Amino acid sequence: MSKAVTESRPTEHPQWGLEQLRNAIHAAGVALWSWNVDTDRFVMDGHGFTLWNVTHDVSLTFEHLSEKIHPADRDRVRAAFVATRAVIGPYEIDFRILVGSDVRWVSARGQGSDAGIKNRAMTGIFLDVTGRKQAEESHELLAGEMSHRVKNLLAIASGLTLITSRSSASIEDMTKQLTNRLTALGRAHDLVRPLPSGQGDAALLGDIFTVLLAPYDDDGAFAGRIRVAVPRLGVGQAAATGLALVVHELATNALKYGALSVPEGALDVSGTMVGDDVEIRWTERGGPEVSAPEGPGGYGSELLRRTLAGHLGGALEHVWSMEGLLVTLRINGVRLSR
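As a starting point, this report considers the structure included with it. (Residues numbered from 1 in each chain as written. Predicted model: local features only at pLDDT ≥ 70, side-chain atom pairs only at ≥ 80, totals over all residues. Heavy atoms only, no water.)

### A few points about the overall build of the protein
Okay, so step 1: Across its full length, the protein carries 11 helices and 13 strands.
Okay, so step 2: By the burial criterion, 38% of the 338 residues in the protein qualify as buried.
Okay, so step 3: In the protein, of all internal contacts separated by at least 6 residues, the share reaching a separation of at least 24 is 56%.
Okay, so step 4: Accessible surface, the protein as shown: approximately 19000 Å² in total, 55% of it carbon and sulfur. (Helix = DSSP H or I, 4+ residues; strand = E, 2+ residues; numbered from the N terminus. Buried < 20%, exposed > 50% of the residue type's maximum accessible area, 1.4 Å probe, protein only. Contact = heavy atoms within 4.5 Å. Areas by Shrake-Rupley, 256 points an atom, 1.4 Å probe, with all protein chains shown as cover.)

### Brief notes about the packing of aromatic side chains
Okay, so step 1: Tallied over the entire structure, the rule returns 10 aromatic pairs.
Okay, so step 2: Arranged with centres 5.1 Å apart and planes meeting at 35 degrees, the rings of Trp35 and Phe62 form a pair that is tilted. Within this pair, whereas Trp35 is found in strand E1 (residues 30–36), its partner Phe62 is found in helix H4 (residues 62–66), the two being separated by 27 residues in sequence. With respect to class, Trp35 is no different from Phe62; both count as buried. (Phe/Tyr/Trp six-rings, centres within 6.5 Å; stacked < 30°, edge-to-face > 60°.)

### Details of the pattern of salt bridges
Okay, so step 1: Here the structure, examined in full by the defined rule, presents 12 salt bridges.
Okay, so step 2: As a salt-bridge pair, Arg78 and Glu63 come within 2.8 Å of each other at their nearest N and O atoms. With Arg78 in helix H5 (residues 71–83) and Glu63 in helix H4, this residue pair connects regions lying 15 residues apart in the sequence.
Okay, so step 3: On the basis of relative accessible area, Glu63 is assigned to the partly exposed category, the value being 38%. (Salt bridge = Lys/Arg side-chain N within 4 Å of Asp/Glu carboxyl O.)

### Details of the sheet that holds strand E8 (residues 226–229)
Sheet strands pair via backbone hydrogen bonds, and the direction of the pair is either parallel or antiparallel.
Okay, so step 1: If you walk across this open sheet you meet the 5 strands as E8-E10-E11-E13-E12, and the pairing is mixed. On the outer flanks of this sheet lie E8 and strand E12 (315–320), each paired with one strand and no other. Between one strand and the next, the sheet's axes are offset by a mean angle of 15 degrees, whatever the strand orientation.
Okay, so step 2: Bridging between E8 and strand E10 (residues 266–274) involves 4 bridges; their strand directions are parallel. Note that in E10 the partner of Arg227 across the bridge is Asp268.
Okay, so step 3: Sheet strands touched by helix H8 (residues 205–213): E8, E10 and strand E11 (277–285). Its angle to E8, the strand with the most contacts, is close to 170 degrees. (Pairing = 2+ DSSP bridges. Axes fitted to C-alpha atoms, helices over the stretch in contact; angles between N-to-C directions.)

### Examining the packing of H8 against helix H9 (residues 237–256)
Okay, so step 1: Between H8 and H9, whose axes approach to 10 Å, the crossing angle comes to 40 degrees. With respect to their mutual orientation, H8 and H9 come out oblique. The element H8 and its partner H9 pack so that their crossing is right-handed. Contact residues: Leu205, Ile208, Phe209, Leu212 and Leu213 in H8; Ala240, Leu243, Ala244, Val247 and Ala251 in H9.
Okay, so step 2: Tallied by class, the residues present in the contact of H8 with H9 amount to 10 nonpolar, no polar and no charged. (Parallel < 35°, antiparallel > 145°, perpendicular 65-115°, else oblique. Left-handed = near helix turned anticlockwise from the far one by under 90°. Nonpolar A, V, L, I, M, F, W, Y, C, P; charged D, E, K, R; others polar.)

### Re unusual backbone geometry
Okay, so step 1: Even without being glycine, Asp40 reaches a positive phi, approximately 70 degrees.
Okay, so step 2: Relative to the helices and strands, Asp40 resides in the loop between E1 and strand E2 (42–44).
Okay, so step 3: Of note, Asn53 is a non-glycine position whose phi angle comes to about 60 degrees, a positive value.
Okay, so step 4: Checked against the element boundaries, Asn53 lands in the loop between helix H3 (46–52) and H4.

### Here's the deal with the nonpolar core
Across soluble globular proteins, you tend to see nonpolar side chains buried next to one another.
Okay, so step 1: Counting residues in each nonpolar core, the largest one holds 33 residues, and the members touching the most others are Leu213, Ile280 and Trp282.
Okay, so step 2: Going through the elements one at a time, H8, H9, E10, E11, helix H10 (299–310) and strand E13 (325–331) are the ones with two or more residues in this core.
Okay, so step 3: In terms of residues, this core owes the most to one element, H9, which gives 9 residues.
Okay, so step 4: The contact partners of Leu213, leaving out residues within four places of it in the chain, are Ile226, Val228, Val247, Ala251, Leu267, Val269 and Trp282.
Okay, so step 5: In this structure, Trp35, Val37, Ile93 and Met122 belong to the second largest nonpolar core, which totals 25 residues. (Core = buried A, V, L, I, M, F, W, Y, C linked by side-chain atoms within 4.5 Å.)

### Thoughts on empty space enclosed by the protein
Okay, so step 1: Applying the stated criterion across every chain, the model contains 1 cavity of 30 Å³ or more.
Okay, so step 2: Put simply, the largest cavity is a space of about 40 Å³.
Okay, so step 3: Lining the largest cavity, in full, are Phe42, Trp52, Phe62, Leu65, Ser66, Ile69, Val77, Phe81, Phe95 and Phe126.
Okay, so step 4: Elements that contribute at least two residues to the lining of the largest cavity include exactly H4 and H5.
Okay, so step 5: The residue makeup of the lining of the largest cavity, split by class, is 9 nonpolar, 1 polar and no charged. (1 Å grid on protein atoms, 1.4 Å probe; cavity = no way out; pocket = protein on both sides within 12 Å on 5 of 7 lines; lining within 4 Å. Points joined across faces, edges and corners; volume = space filled by probe spheres on them.)

### Some points on H9
Okay, so step 1: Here H9 spans 29 Å end to end across 20 residues, near enough to the 28 Å set by a 1.5 Å rise per residue.
Okay, so step 2: Counting buried residues along H9, 16 of its 20 residues qualify, which places the element largely inside the surrounding structure. (Expected span 1.5 Å × (residues − 1).)

Printed below as a string of C-alpha coordinates:
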(Lines give C-alpha, C1' and ligand atoms only; values in the text may rest on other atoms or scores of the structure.)
Protein backbone atom coordinates (compact mmCIF):
# COMPACT_ATOMS: atom_id res chain seq x y z
CA MET A 1 0.00 0.00 0.00
CA SER A 2 1.38 3.40 -0.96
CA LYS A 3 2.44 6.02 1.53
CA ALA A 4 -0.03 8.56 0.06
CA VAL A 5 -2.98 6.28 0.69
CA THR A 6 -1.82 5.51 4.23
CA GLU A 7 -1.41 9.19 5.10
CA SER A 8 -4.90 10.02 3.82
CA ARG A 9 -6.69 7.75 6.30
CA PRO A 10 -6.70 10.15 9.28
CA THR A 11 -8.41 12.76 7.07
CA GLU A 12 -11.04 10.31 5.82
CA HIS A 13 -11.83 9.03 9.33
CA PRO A 14 -11.23 11.92 11.74
CA GLN A 15 -11.47 11.46 15.48
CA TRP A 16 -14.27 13.77 16.56
CA GLY A 17 -13.55 15.63 19.77
CA LEU A 18 -16.01 16.42 22.55
CA GLU A 19 -16.31 20.06 21.49
CA GLN A 20 -17.04 19.08 17.87
CA LEU A 21 -19.73 16.63 18.93
CA ARG A 22 -21.28 19.20 21.28
CA ASN A 23 -21.43 21.79 18.50
CA ALA A 24 -22.94 19.29 16.07
CA ILE A 25 -25.62 18.25 18.58
CA HIS A 26 -26.48 21.90 19.29
CA ALA A 27 -26.67 22.74 15.57
CA ALA A 28 -28.99 19.80 14.91
CA GLY A 29 -31.34 20.74 17.75
CA VAL A 30 -30.79 17.38 19.47
CA ALA A 31 -31.72 16.93 23.14
CA LEU A 32 -29.93 14.19 25.09
CA TRP A 33 -31.66 12.08 27.72
CA SER A 34 -30.97 9.18 30.04
CA TRP A 35 -33.51 6.97 31.83
CA ASN A 36 -32.75 4.68 34.77
CA VAL A 37 -34.96 1.65 34.26
CA ASP A 38 -34.91 0.76 37.99
CA THR A 39 -35.51 4.13 39.68
CA ASP A 40 -37.46 5.76 36.81
CA ARG A 41 -35.17 8.81 37.13
CA PHE A 42 -34.99 10.82 33.94
CA VAL A 43 -32.10 13.13 33.08
CA MET A 44 -31.98 15.58 30.16
CA ASP A 45 -29.61 18.25 28.92
CA GLY A 46 -30.54 21.93 28.78
CA HIS A 47 -32.15 21.68 25.37
CA GLY A 48 -34.36 18.85 26.63
CA PHE A 49 -35.72 21.04 29.43
CA THR A 50 -36.44 23.78 26.90
CA LEU A 51 -38.11 21.39 24.47
CA TRP A 52 -40.40 19.93 27.14
CA ASN A 53 -40.84 23.28 28.90
CA VAL A 54 -39.94 21.97 32.34
CA THR A 55 -37.84 23.67 35.01
CA HIS A 56 -34.49 22.44 36.32
CA ASP A 57 -35.57 22.60 39.98
CA VAL A 58 -37.58 19.38 39.89
CA SER A 59 -36.42 15.79 40.13
CA LEU A 60 -37.61 14.32 36.87
CA THR A 61 -39.01 10.85 36.44
CA PHE A 62 -40.33 9.28 33.29
CA GLU A 63 -43.79 9.17 34.88
CA HIS A 64 -43.61 12.89 35.70
CA LEU A 65 -42.49 13.75 32.17
CA SER A 66 -45.27 11.59 30.73
CA GLU A 67 -47.85 13.99 32.15
CA LYS A 68 -46.87 16.48 29.43
CA ILE A 69 -47.49 13.95 26.65
CA HIS A 70 -50.71 14.44 24.71
CA PRO A 71 -53.44 12.26 26.31
CA ALA A 72 -54.08 10.54 22.98
CA ASP A 73 -50.42 9.42 22.80
CA ARG A 74 -49.58 8.88 26.49
CA ASP A 75 -50.39 5.18 26.89
CA ARG A 76 -48.71 4.35 23.58
CA VAL A 77 -45.49 6.12 24.57
CA ARG A 78 -45.40 4.56 28.03
CA ALA A 79 -45.87 1.10 26.57
CA ALA A 80 -43.18 1.74 23.96
CA PHE A 81 -40.60 2.90 26.52
CA VAL A 82 -41.28 -0.09 28.78
CA ALA A 83 -41.03 -2.42 25.79
CA THR A 84 -37.59 -1.07 24.87
CA ARG A 85 -36.07 -3.23 27.61
CA ALA A 86 -36.83 -6.23 25.42
CA VAL A 87 -36.21 -4.59 22.04
CA ILE A 88 -33.02 -5.53 20.25
CA GLY A 89 -31.39 -2.66 18.44
CA PRO A 90 -32.43 0.94 17.86
CA TYR A 91 -35.99 2.20 18.19
CA GLU A 92 -37.89 5.37 17.33
CA ILE A 93 -41.28 6.72 18.31
CA ASP A 94 -43.01 10.01 17.46
CA PHE A 95 -45.55 11.61 19.77
CA ARG A 96 -47.09 14.92 20.77
CA ILE A 97 -46.42 16.95 23.90
CA LEU A 98 -48.38 19.88 25.31
CA VAL A 99 -46.48 23.11 25.91
CA GLY A 100 -49.04 25.54 27.26
CA SER A 101 -51.67 25.83 24.56
CA ASP A 102 -49.26 24.68 21.84
CA VAL A 103 -48.74 21.14 20.59
CA ARG A 104 -45.24 19.97 19.69
CA TRP A 105 -44.21 16.79 17.93
CA VAL A 106 -41.23 14.98 19.46
CA SER A 107 -39.28 12.06 18.05
CA ALA A 108 -37.61 9.87 20.70
CA ARG A 109 -34.77 7.68 19.48
CA GLY A 110 -32.54 5.31 21.41
CA GLN A 111 -31.08 1.85 21.79
CA GLY A 112 -33.15 -0.96 23.20
CA SER A 113 -32.45 -4.33 24.90
CA ASP A 114 -30.01 -5.07 27.72
CA ALA A 115 -27.17 -4.63 25.25
CA GLY A 116 -28.08 -0.95 25.04
CA ILE A 117 -28.32 -0.42 28.81
CA LYS A 118 -25.25 0.61 30.76
CA ASN A 119 -25.41 0.95 34.56
CA ARG A 120 -29.15 0.31 34.32
CA ALA A 121 -29.61 3.55 32.37
CA MET A 122 -30.83 3.87 28.81
CA THR A 123 -29.72 6.79 26.70
CA GLY A 124 -31.18 8.44 23.64
CA ILE A 125 -32.16 11.71 21.98
CA PHE A 126 -35.23 13.88 21.50
CA LEU A 127 -35.82 15.76 18.24
CA ASP A 128 -38.42 18.48 17.68
CA VAL A 129 -40.16 17.31 14.48
CA THR A 130 -43.14 19.68 14.70
CA GLY A 131 -42.38 21.30 11.34
CA ARG A 132 -42.16 17.99 9.52
CA LYS A 133 -45.36 16.67 11.10
CA GLN A 134 -47.26 19.86 10.26
CA ALA A 135 -46.08 19.60 6.66
CA GLU A 136 -47.23 15.97 6.51
CA GLU A 137 -50.61 16.91 7.97
CA SER A 138 -50.95 19.76 5.45
CA HIS A 139 -50.22 17.39 2.58
CA GLU A 140 -52.77 14.89 3.89
CA LEU A 141 -55.39 17.62 4.30
CA LEU A 142 -54.69 18.92 0.80
CA ALA A 143 -54.96 15.44 -0.70
CA GLY A 144 -58.21 14.83 1.18
CA GLU A 145 -59.58 18.22 0.18
CA MET A 146 -58.73 17.68 -3.48
CA SER A 147 -60.36 14.25 -3.41
CA HIS A 148 -63.45 15.73 -1.74
CA ARG A 149 -63.72 18.54 -4.29
CA VAL A 150 -63.34 16.19 -7.23
CA LYS A 151 -66.08 13.94 -5.87
CA ASN A 152 -68.33 16.96 -5.30
CA LEU A 153 -67.78 18.27 -8.81
CA LEU A 154 -68.50 14.86 -10.31
CA ALA A 155 -71.69 14.63 -8.26
CA ILE A 156 -72.73 18.14 -9.35
CA ALA A 157 -71.98 17.36 -13.00
CA SER A 158 -74.03 14.17 -12.77
CA GLY A 159 -76.93 15.97 -11.13
CA LEU A 160 -76.84 18.80 -13.65
CA THR A 161 -76.87 16.32 -16.52
CA LEU A 162 -79.96 14.62 -15.10
CA ILE A 163 -81.80 17.87 -14.38
CA THR A 164 -80.92 19.36 -17.78
CA SER A 165 -82.01 16.25 -19.66
CA ARG A 166 -85.44 16.39 -18.06
CA SER A 167 -86.01 20.07 -18.80
CA SER A 168 -84.60 20.22 -22.35
CA ALA A 169 -86.69 20.11 -25.51
CA SER A 170 -83.91 18.75 -27.72
CA ILE A 171 -80.36 17.42 -27.71
CA GLU A 172 -79.14 20.81 -28.92
CA ASP A 173 -80.99 22.60 -26.14
CA MET A 174 -79.63 20.19 -23.54
CA THR A 175 -76.08 20.59 -24.84
CA LYS A 176 -76.32 24.37 -24.67
CA GLN A 177 -77.85 24.44 -21.17
CA LEU A 178 -75.43 21.90 -19.74
CA THR A 179 -72.42 23.63 -21.28
CA ASN A 180 -73.52 26.96 -19.83
CA ARG A 181 -74.03 25.49 -16.38
CA LEU A 182 -70.64 23.77 -16.33
CA THR A 183 -68.98 26.91 -17.66
CA ALA A 184 -70.55 28.86 -14.80
CA LEU A 185 -68.93 26.45 -12.35
CA GLY A 186 -65.56 26.92 -14.02
CA ARG A 187 -65.84 30.71 -13.91
CA ALA A 188 -66.64 30.64 -10.20
CA HIS A 189 -63.58 28.49 -9.46
CA ASP A 190 -61.39 30.79 -11.55
CA LEU A 191 -62.43 33.63 -9.26
CA VAL A 192 -61.13 31.90 -6.14
CA ARG A 193 -57.77 33.45 -5.30
CA PRO A 194 -55.88 34.63 -2.21
CA LEU A 195 -57.14 37.92 -0.82
CA PRO A 196 -54.96 40.45 1.04
CA SER A 197 -54.94 41.07 4.80
CA GLY A 198 -55.37 37.40 5.70
CA GLN A 199 -58.92 37.15 4.34
CA GLY A 200 -58.19 33.65 3.05
CA ASP A 201 -58.73 31.91 -0.26
CA ALA A 202 -61.88 33.44 -1.64
CA ALA A 203 -63.53 35.34 -4.45
CA LEU A 204 -65.31 38.61 -3.87
CA LEU A 205 -69.10 38.40 -3.80
CA GLY A 206 -69.42 41.25 -6.31
CA ASP A 207 -66.94 39.59 -8.70
CA ILE A 208 -69.01 36.40 -8.78
CA PHE A 209 -72.15 38.25 -9.86
CA THR A 210 -70.33 40.59 -12.26
CA VAL A 211 -68.38 37.89 -14.08
CA LEU A 212 -71.26 35.43 -14.35
CA LEU A 213 -73.69 38.08 -15.61
CA ALA A 214 -71.23 39.73 -18.02
CA PRO A 215 -72.30 37.59 -21.05
CA TYR A 216 -75.77 39.14 -20.85
CA ASP A 217 -74.52 42.73 -20.65
CA ASP A 218 -71.63 42.99 -23.09
CA ASP A 219 -72.74 44.97 -26.15
CA GLY A 220 -75.57 46.49 -28.15
CA ALA A 221 -78.91 47.02 -26.53
CA PHE A 222 -77.83 44.81 -23.61
CA ALA A 223 -75.06 47.19 -22.49
CA GLY A 224 -75.44 48.74 -19.04
CA ARG A 225 -78.73 47.13 -18.12
CA ILE A 226 -77.31 44.97 -15.36
CA ARG A 227 -76.25 46.64 -12.11
CA VAL A 228 -74.51 44.91 -9.20
CA ALA A 229 -74.05 46.50 -5.76
CA VAL A 230 -73.37 43.99 -2.97
CA PRO A 231 -71.27 44.04 0.23
CA ARG A 232 -67.53 43.47 -0.14
CA LEU A 233 -67.34 39.93 1.20
CA GLY A 234 -65.14 36.94 0.52
CA VAL A 235 -66.75 33.80 -0.89
CA GLY A 236 -64.98 30.52 -0.21
CA GLN A 237 -64.40 27.97 -2.93
CA ALA A 238 -67.09 25.57 -1.70
CA ALA A 239 -69.68 28.36 -1.51
CA ALA A 240 -68.59 29.80 -4.88
CA THR A 241 -69.64 26.58 -6.60
CA GLY A 242 -73.15 26.71 -5.18
CA LEU A 243 -73.52 30.45 -5.67
CA ALA A 244 -72.48 30.13 -9.33
CA LEU A 245 -75.25 27.61 -9.90
CA VAL A 246 -77.81 29.95 -8.31
CA VAL A 247 -76.71 32.97 -10.34
CA HIS A 248 -76.65 31.01 -13.58
CA GLU A 249 -80.10 29.51 -12.98
CA LEU A 250 -81.61 32.92 -12.23
CA ALA A 251 -79.90 34.48 -15.25
CA THR A 252 -81.06 31.66 -17.53
CA ASN A 253 -84.67 32.15 -16.43
CA ALA A 254 -84.36 35.92 -16.86
CA LEU A 255 -83.02 35.46 -20.38
CA LYS A 256 -85.76 32.99 -21.34
CA TYR A 257 -88.80 34.52 -19.69
CA GLY A 258 -87.88 37.63 -17.72
CA ALA A 259 -86.26 41.04 -17.96
CA LEU A 260 -83.25 39.90 -19.98
CA SER A 261 -85.46 38.46 -22.72
CA VAL A 262 -86.20 41.94 -24.15
CA PRO A 263 -83.85 44.86 -24.89
CA GLU A 264 -85.79 47.18 -22.56
CA GLY A 265 -85.42 44.95 -19.54
CA ALA A 266 -83.04 45.65 -16.65
CA LEU A 267 -81.65 43.65 -13.75
CA ASP A 268 -80.57 45.08 -10.42
CA VAL A 269 -78.64 42.91 -7.93
CA SER A 270 -78.21 44.50 -4.49
CA GLY A 271 -77.21 43.17 -1.12
CA THR A 272 -77.18 44.07 2.56
CA MET A 273 -76.03 42.44 5.80
CA VAL A 274 -78.80 41.19 8.08
CA GLY A 275 -77.07 40.19 11.27
CA ASP A 276 -74.50 37.57 10.29
CA ASP A 277 -76.38 36.68 7.09
CA VAL A 278 -76.26 38.22 3.64
CA GLU A 279 -79.49 39.21 1.90
CA ILE A 280 -79.34 39.48 -1.90
CA ARG A 281 -82.23 41.06 -3.84
CA TRP A 282 -82.50 40.05 -7.50
CA THR A 283 -84.86 42.61 -9.06
CA GLU A 284 -86.04 42.40 -12.69
CA ARG A 285 -87.80 45.35 -14.33
CA GLY A 286 -89.01 46.23 -17.82
CA GLY A 287 -89.56 42.69 -19.01
CA PRO A 288 -92.69 40.74 -19.96
CA GLU A 289 -95.45 40.41 -17.41
CA VAL A 290 -94.66 37.49 -15.13
CA SER A 291 -96.82 35.26 -12.99
CA ALA A 292 -96.18 32.56 -10.42
CA PRO A 293 -95.86 29.10 -11.97
CA GLU A 294 -98.51 26.54 -11.23
CA GLY A 295 -97.50 23.66 -9.01
CA PRO A 296 -94.21 23.21 -7.18
CA GLY A 297 -92.07 24.48 -10.07
CA GLY A 298 -89.64 22.83 -12.43
CA TYR A 299 -86.22 21.27 -12.01
CA GLY A 300 -84.52 24.67 -12.09
CA SER A 301 -86.53 25.79 -9.08
CA GLU A 302 -85.64 22.58 -7.28
CA LEU A 303 -81.96 23.17 -8.06
CA LEU A 304 -82.19 26.66 -6.56
CA ARG A 305 -83.83 25.42 -3.38
CA ARG A 306 -81.39 22.55 -2.91
CA THR A 307 -78.35 24.73 -3.48
CA LEU A 308 -79.49 27.54 -1.19
CA ALA A 309 -80.47 25.19 1.62
CA GLY A 310 -77.67 22.63 1.24
CA HIS A 311 -74.55 24.47 0.09
CA LEU A 312 -75.24 27.96 1.40
CA GLY A 313 -77.37 27.33 4.48
CA GLY A 314 -79.99 29.79 3.32
CA ALA A 315 -83.35 30.19 1.61
CA LEU A 316 -84.99 32.09 -1.21
CA GLU A 317 -88.30 33.81 -1.77
CA HIS A 318 -89.99 34.74 -5.06
CA VAL A 319 -92.33 37.70 -5.46
CA TRP A 320 -94.16 37.72 -8.81
CA SER A 321 -95.31 41.30 -9.46
CA MET A 322 -96.60 43.25 -12.47
CA GLU A 323 -93.28 45.13 -12.68
CA GLY A 324 -91.17 41.98 -12.74
CA LEU A 325 -89.69 39.21 -10.67
CA LEU A 326 -88.14 39.87 -7.26
CA VAL A 327 -86.03 37.09 -5.75
CA THR A 328 -84.66 37.46 -2.24
CA LEU A 329 -81.74 35.21 -1.35
CA ARG A 330 -80.78 34.74 2.31
CA ILE A 331 -77.28 33.24 2.68
CA ASN A 332 -75.55 32.14 5.87
CA GLY A 333 -72.47 34.34 6.35
CA VAL A 334 -70.31 31.55 7.77
CA ARG A 335 -71.21 29.16 4.93
CA LEU A 336 -70.48 31.91 2.39
CA SER A 337 -66.86 32.19 3.51
CA ARG A 338 -66.12 28.45 3.24
